[in-house]
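Structural overview for review
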Amino acid sequence: MDWTHYRFRARWDLPVPPAVVYPLLERAEDYPRWWPQVRGVDPIDDTSGVISIRASLPYVLTFTAREVRRDPVGVLEIAMTGDLEGWARWTLTADGSGTLARYDQEVDLNRPSLRRFAAVGRPVFRFNHALMMRAGRRGLLAYLGAV
């Protein structure tokens, strides 16, 4: 088993239609406004930027995100290089009058200081990611109430 390879999945049930959610998710530069763990998004050009994330653990992950797919029907996908190497994808589907937002991510941990703790830290890293996703959903729900 490669202890530095991760697959994550999260499901967010949101009370608004995909047409409302999609524009918010496609504007990564606005994530720090509603997702507390996304500390910064610095655009490089129209399809890429540098993202810094700090969840509950005392480290910041920085990576370059490059748009791979932007399908207004409901799919947003990026390729990631830097402290994390891999991809992440949002898939939005209508769910009654709301949206099911599914987040899938497959990455390798490249940051040397974290790779050293990969085997023993794996459960903690996974829990940290789950907390971050939970906070992101709460933040987006609050932001939806404000916009």
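Scroll up to find the structure this text is about.
Read on for a plain summary of the structure. The structure displayed is predicted, hence computed values, not measured ones. (Residues numbered from 1 in each chain as written. Predicted model: local features only at pLDDT ≥ 70, side-chain atom pairs only at ≥ 80, totals over all residues. Heavy atoms only, no water.)

1. Regarding the overall build of the chain
- Counting its regular elements, the chain contains four helices and seven strands.
- When the elements of the chain are put in sequence order from the N terminus, they spell out β-α-α-β-β-β-β-β-β-α-α.
- Since a compact globule built from 147 residues should have a radius of gyration of about 15 Å, the 15 Å found for the chain is in line with a globular shape.
- Put simply, the chain has 147 residues, and 45% of those count as buried.
- Restricting the contact set of the chain to residue pairs at least 6 apart, pairs at least 24 apart contribute 51%.
- Entry remark: accessible area of the chain is about 8,000 Å², with carbon and sulfur atoms responsible for 55%.
- Charged side chains of the chain number 20 positive and 17 negative; the gap between the two group centres comes to 8 Å. (Helix = DSSP H or I, 4+ residues; strand = E, 2+ residues; numbered from the N terminus. Rg over C-alpha atoms; globule rule 2.2 N^0.38 Å. Buried < 20%, exposed > 50% of the residue type's maximum accessible area, 1.4 Å probe, protein only. Contact = heavy atoms within 4.5 Å. Areas by Shrake-Rupley, 256 points an atom, 1.4 Å probe, with all protein chains shown as cover. Lys, Arg positive; Asp, Glu negative; His and termini not counted. Charge placed at Lys NZ, Arg CZ, Asp CG, Glu CD.)

2. Some details on the packing of aromatic side chains
- With the rule as written, the count across this model stands at nine aromatic pairs.
- Ring centres of W34 and W35 lie 5.4 Å apart, and the angle between their planes is 25°; this geometry places the pair in the stacked category.
- When its relative accessible area of 4% is taken as the criterion, W34 is described as buried.
- The structure contains a cluster of three or more aromatic residues connected by ring pairs, namely W12, Y31, W34, W35, W90 and Y103.
- Positioned over the ring face of Y6 is R122, at 4.3 Å from the centre of the ring. (Phe/Tyr/Trp six-rings, centres within 6.5 Å; stacked < 30°, edge-to-face > 60°. Lys NZ or Arg CZ within 6 Å of the ring centre and 35° of its normal.)

3. Brief notes about the nonpolar core
- Core analysis: the largest hydrophobic core is formed by 39 residues, its most contacted members being W12, L25, W34, W35, W90 and L140.
- Tallying contributions element by element places helix 4 (residues 118-146) first for this core, with six residues.
- Those residues in contact with L140, other than ones at most four positions away along the chain, are W12, L14, L24, L25 and W34. (Core = buried A, V, L, I, M, F, W, Y, C linked by side-chain atoms within 4.5 Å.)

4. A word on the pattern of salt bridges
- As enumerated under the stated definition, the model contains 11 salt bridges in all.
- For R7, the salt bridge identified is with E106, shortest N-O distance 3.3 Å. Placement of the pair is R7 in strand 1 (residues 5-14) and E106 in strand 7 (residues 98-109), with a sequence separation of 99 residues.
- Shared partners join several salt bridges into a network, and the residues in it are R27, E29, D30 and R33. (Salt bridge = Lys/Arg side-chain N within 4 Å of Asp/Glu carboxyl O.)

5. Let's talk about the sheet that holds strand 7
- The sheet built from seven strands is open, its strands ordered 1-7-6-5-4-3-2 with antiparallel pairing. Edge positions in the open sheet fall to strand 1 and strand 2 (38-45), since each of these has one partner strand only. Within this sheet the neighbouring strands show an average axis-to-axis angle of 20°, counted without direction.
- Pairing analysis gives 10 bridges linking strand 1 to strand 7, with the strands arranged antiparallel. Counted as the bridge partner of F8 is Q105 from strand 7.
- Across the face of the sheet, helix 1 (residues 18-26) comes into contact with strand 1, strand 4 (61-71), strand 5 (75-82), strand 6 (84-95) and strand 7 while running at roughly 160° to strand 6. (Pairing = 2+ DSSP bridges. Axes fitted to C-alpha atoms, helices over the stretch in contact; angles between N-to-C directions.)

6. Thoughts on the packing of helix 1 against helix 4
- Orientation of helix 1 relative to helix 4, taken along the N-to-C sense of each, is 115°, at an axis distance of 12 Å. On the basis of their axis angle, the class for helix 1 and helix 4 is roughly perpendicular. The chirality of how helix 1 crosses helix 4 is right-handed. Residues V20, L24 and L25 of helix 1 lie in contact with helix 4, whose contacting residues are L140, Y143 and L144. (Parallel < 35°, antiparallel > 145°, perpendicular 65-115°, else oblique. Left-handed = near helix turned anticlockwise from the far one by under 90°.)

7. Focus on the side chain of R122
- Its location among the elements puts R122 in helix 4.
- Buried charge R122 goes without a salt bridge, the closest partner of opposite sign being D2 at 6.7 Å.
- Here H5 takes part through its backbone oxygen, which lies 3.0 Å from a polar atom of the side chain of R122.
- Leave out the neighbours within four places in its chain, and R122 touches M1, D2, W3, T4, H5, Y6 and F117. (Polar contact = N/O pair within 3.5 Å; in protein donor to acceptor, adjacent residues only side chain to side chain.)

By themselves these figures say nothing about function.
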